[in-house]
Amino acid sequence: MATLLIHTGGTIGMAQTPDGFAPRDGVVEDAVAALVASGKVTGEVDVLRLDPLIDSALATAQDWARIAQTIHHHRGRFDGFVVTHGTDTLAYTAAALCLALPGLAQPVIVTGAMRPLTVADTDGTANLIDALAAARTAPAGVWVQFGGKRLHGGRVRKAHSQALDAFTAAPTDRAPRVTAPDPQLSPLRPHEVALLTVTPGFSAALLDHAATTCDGIVLRCFGAGTVPDSPALRAALRKAQGKGVPVVAVSQCAEGGMQIGTYAAGKALRDSGVVDGGQMTAEAAFVKIHHALSCFAQFDAQHAYLAADQCGEMAE
Ligand code: ASN
């Protein structure tokens with residue numbers, strides 16, 4: 001069985017520099033070669049480096065599209081894929097890959113490390129071994145293999161900034177892939193998408209600015225879906241609706257998701273055509289808006305796509 005490992009950057013392949021950890025060519029390639037030579041990894045593993053290697057803080061929608069294109073292009077030659085990636089924005093990339101590759105027949109295993117392969121107490125070796133094994137055995141779809149856990153790529157979030165098992169995902173029976181009769185590559189283009197968090201005393205001017213200047217908005221609401229309702233907030237939401245700027249509401253809580261309609265303080269969302277994000281993470285909502293804007297020209301079609309579960313990202 002052949003696996004393609006696509007290396008994009010991140011701590012796993014970093015080394016110390018005067019400015020702090022930064023990507024270094026050859027680190028992941030050498031580690032994979034050593035694992036194969038020692039027999040800890042079996043089967044053929046090809047490594048493809050997506051230059052320039054980056055700290056994932058610098059990743060953009062173009063990077064998500066490039067990784068998806070690479071997987072789609074090589075889908076006929078490999079039984080599974082591993083993507084090595086920085087952890088800071090790994091959840092965005094995993095969700096973007098879930099949505100970008102409908103009908104994917106192979107597993108895509110996204111992994112990385114909290115400590116580089118170049119330090120003694122690295123977690124990168126274990127994650128690499130687990131990810132390469134999962135690429136041969138996991139069901140089709142996009143999974144995150146990290147800290148001994150295999151998580152749904154469309155539901156994952158970085159929950160800890162230091163721990164080796166930094167990721168969590170609410171479980172679901174839905175596979176992390178969009179169902180389609182044939183493998184496809186969805187268009188994915190950069191867009192201006194705002195991710196705004198409501199706060200006590202939230203300035204509706206921020207939302208108004210986003211409605212004026214952005215292509216889409218993720219609104220992180222309180223609890224099960226309440227907002228600091230005010231005429232100014234309603235006017236900003238109506239402006240977004242009038243301009244055809246999709247707004248997706250998600251919960252600031254790490255678990256439980258939205259239940260819009262429970263409280264009158266969430267009615268402004270309903271009255272303004274805001275999409276109920278359900279169980280979606282803010283990361284998944286952010287990339288889903290990019291997909292909706294890239295795939296559909298009409299607001300109604302964008303809205304319908306955003307409101308429907310595509311790959312288990314919204315499922316209970
Ligand atoms: N800053 C790093 C990155 O996201 C963090 C990591 O990979 N652990 O690229």
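About the cut-offs
Residues numbered from 1 in each chain as written. Predicted model: local features only at pLDDT ≥ 70, side-chain atom pairs only at ≥ 80, totals over all residues. Heavy atoms only, no water. Helix = DSSP H or I, 4+ residues; strand = E, 2+ residues; numbered from the N terminus. Buried < 20%, exposed > 50% of the residue type's maximum accessible area, 1.4 Å probe, protein only. Contact = heavy atoms within 4.5 Å. Areas by Shrake-Rupley, 256 points an atom, 1.4 Å probe, with all protein chains shown as cover. Lys, Arg positive; Asp, Glu negative; His and termini not counted. Charge placed at Lys NZ, Arg CZ, Asp CG, Glu CD. Phe/Tyr/Trp six-rings, centres within 6.5 Å; stacked < 30°, edge-to-face > 60°. Polar contact = N/O pair within 3.5 Å; in protein donor to acceptor, adjacent residues only side chain to side chain. Disulfide = S-S within 2.5 Å. UniProt positions renumbered as here; feature names shortened; annotations may be inferred. Near = heavy atom within 4 Å. Nonpolar A, V, L, I, M, F, W, Y, C, P; charged D, E, K, R; others polar. Salt bridge = Lys/Arg side-chain N within 4 Å of Asp/Glu carboxyl O. Pairing = 2+ DSSP bridges.

1. Focus: the overall build of the protein
Then comes step 1: For the protein, the count of helices and strands is nine helices and 14 strands.
Then comes step 2: With the C-alpha coordinates aligned to their principal axes, the bounding extent of the protein is approximately 65 × 45 × 30 Å.
Then comes step 3: Each of the 316 residues in the protein was classed as buried or not, and the buried ones make up 53%.
Then comes step 4: When contacts within the protein are restricted to residue pairs at least 6 apart in sequence, those whose partners lie at least 24 apart make up 73%.
Then comes step 5: Roughly 13100 Å² of accessible area belongs to the protein as shown, and the carbon and sulfur atoms make up 52% of that amount.
Then comes step 6: Side chains of the protein carry 24 positive and 29 negative charges; the gap between the two charge centres is 4 Å.

2. Topic: the environment of arginine 150
Then comes step 1: Among the structural elements, arginine 150 can be located in strand 8 (residues 149-152).
Then comes step 2: Judged by relative accessible area, which is 40%, arginine 150 ranks as partly exposed.
Then comes step 3: Taking the C-alpha atoms as reference points, arginine 150 and threonine 111, 39 residues apart in sequence, are found 9.7 Å from one another.
Then comes step 4: Sequence-distant contacts of arginine 150, defined by excluding residues within four places in its chain, comprise Ala134, Ala138, Pro139, Trp143, Val144 and Gln145.

3. Digging into the packing of aromatic side chains
Then comes step 1: Inspection of every chain in the model, using the stated rule, returns five aromatic pairs.
Then comes step 2: Ring geometry for tryptophan 64 versus phenylalanine 286: centroids 6.4 Å apart, planes at 80°, classification edge-to-face. Of this pair, tryptophan 64 sits in helix 2 (residues 61-73) while phenylalanine 286 sits in helix 8 (residues 282-295), and the two are 222 residues apart along the sequence. Here tryptophan 64 matches phenylalanine 286 in class, with each residue buried.

4. Focus on the side chain of glutamine 279
Then comes step 1: Along the polypeptide, glutamine 279 turns up in the loop between strand 14 (275-276) and helix 8.
Then comes step 2: By relative accessible area, which is 18% here, glutamine 279 ends up buried.
Then comes step 3: Within the local environment of glutamine 279, its side chain forms a polar contact with the backbone oxygen of glycine 256, the two atoms lying 3.1 Å apart.
Then comes step 4: Not counting the four nearest positions on each side in its chain, glutamine 279 is found in contact with Arg155, Gly256, Gly257, Glu313, Met314, Ala315 and Glu316.

5. What about the side chain of threonine 281?
Then comes step 1: In this fold, threonine 281 is placed in the loop between strand 14 and helix 8.
Then comes step 2: Exposure remark for threonine 281: the relative accessible area of 4% places this residue in the buried category.
Then comes step 3: Beyond its immediate chain neighbours, meaning those up to four positions away, threonine 281 contacts Arg155, Val156, Arg157 and Val250.

6. Some remarks on the state of the cysteines
Here a disulfide denotes a covalent bond joining the sulfur atom of one cysteine to the sulfur atom of another.
Then comes step 1: All told, the structure shown has zero disulfides when counted by the stated rule.
Then comes step 2: Of all cysteine sulfurs in the structure, the one in cysteine 221 sits closest to cysteine 253, which takes part in no disulfide; the separation is 11 Å.

7. Considerations on the UniProt feature "domain: Asparaginase/glutaminase C-terminal" (unreviewed entry) in the protein
Then comes step 1: Following the UniProt record, one finds the feature "domain: Asparaginase/glutaminase C-terminal" (unreviewed entry) at residues 193-297.
Then comes step 2: Spanning residues 193-297, this segment combines 40% helix with 17% strand, and its end C-alpha atoms are found 16 Å apart.

8. Quick notes on the site of the ligand
Then comes step 1: Every residue lining the ligand is accounted for by Gly10, Thr11, Met14, Asp55, Ser56, Gly86, Thr87, Asp88 and Ala113.
Then comes step 2: For the ligand, a nitrogen atom lies 2.7 Å from a polar atom in the side chain of threonine 87.
Then comes step 3: Expressed as a share of its isolated accessible area of 270 Å², the protein-covered part of the ligand is 90%.
Then comes step 4: Its residues placed into classes, the shell around the ligand shows two nonpolar, five polar and two charged.

9. Some remarks on the pattern of salt bridges
A side chain with one charge may pair with a side chain of the opposite charge, provided their charged atoms come close.
Then comes step 1: Applying the stated rule across the entire model yields 13 salt bridges.
Then comes step 2: Put simply, aspartate 25 and arginine 49 hold a salt bridge, and the shortest N to O gap is 3.4 Å. Of the two residues, aspartate 25 is situated in the loop between strand 3 (20-23) and helix 1 (27-38) and arginine 49 in strand 4 (residues 44-54); the sequence distance between them amounts to 24 residues.
Then comes step 3: Residue classification places arginine 49 among the partly exposed positions, given a relative accessible area of 28%.
Then comes step 4: Note that aspartate 271 and arginine 234 form a salt bridge whose closest N and O atoms lie 3.0 Å from each other. Of this pair, aspartate 271 sits in helix 7 (residues 267-271) while arginine 234 sits in helix 6 (residues 231-243), and the two are 37 residues apart along the sequence.
Then comes step 5: In this structure aspartate 271 comes out as partly exposed when scored by relative accessible area, which is 40%.

10. Examining the pairing of strand 3
For a regular strand, side-chain orientation follows a simple rule: the groups alternate between the two sheet faces.
Then comes step 1: For strand 2 (residues 14-17) and strand 3, the ladder comprises four bridges, and the chain directions are antiparallel. By the bridge assignment for strand 3, alanine 15 is matched with alanine 22.
Then comes step 2: A loop of two residues connects strand 2 with strand 3, the two strands running antiparallel in sequence.

11. Let's talk about the UniProt feature "binding site: substrate" (unreviewed entry) in the protein
Then comes step 1: Within the UniProt annotation, "binding site: substrate" (unreviewed entry) is assigned to Ser56, Thr87 and Asp88. Annotated residues spanning 33 residues; largest pairwise C-alpha distance 6.9 Å, indicating a single compact cluster.
Then comes step 2: Structurally, threonine 87 is set in the loop between strand 5 (80-84) and helix 3 (90-100).
Then comes step 3: For threonine 87, a relative accessible area of 6% translates into the label buried.
Then comes step 4: Residue contacts for threonine 87: discarding those within four places in its chain leaves Ser56, Ala113, Met114, Phe146, Lys158 and Phe167.
Then comes step 5: Along the chain, aspartate 88 falls in the loop between strand 5 and helix 3.

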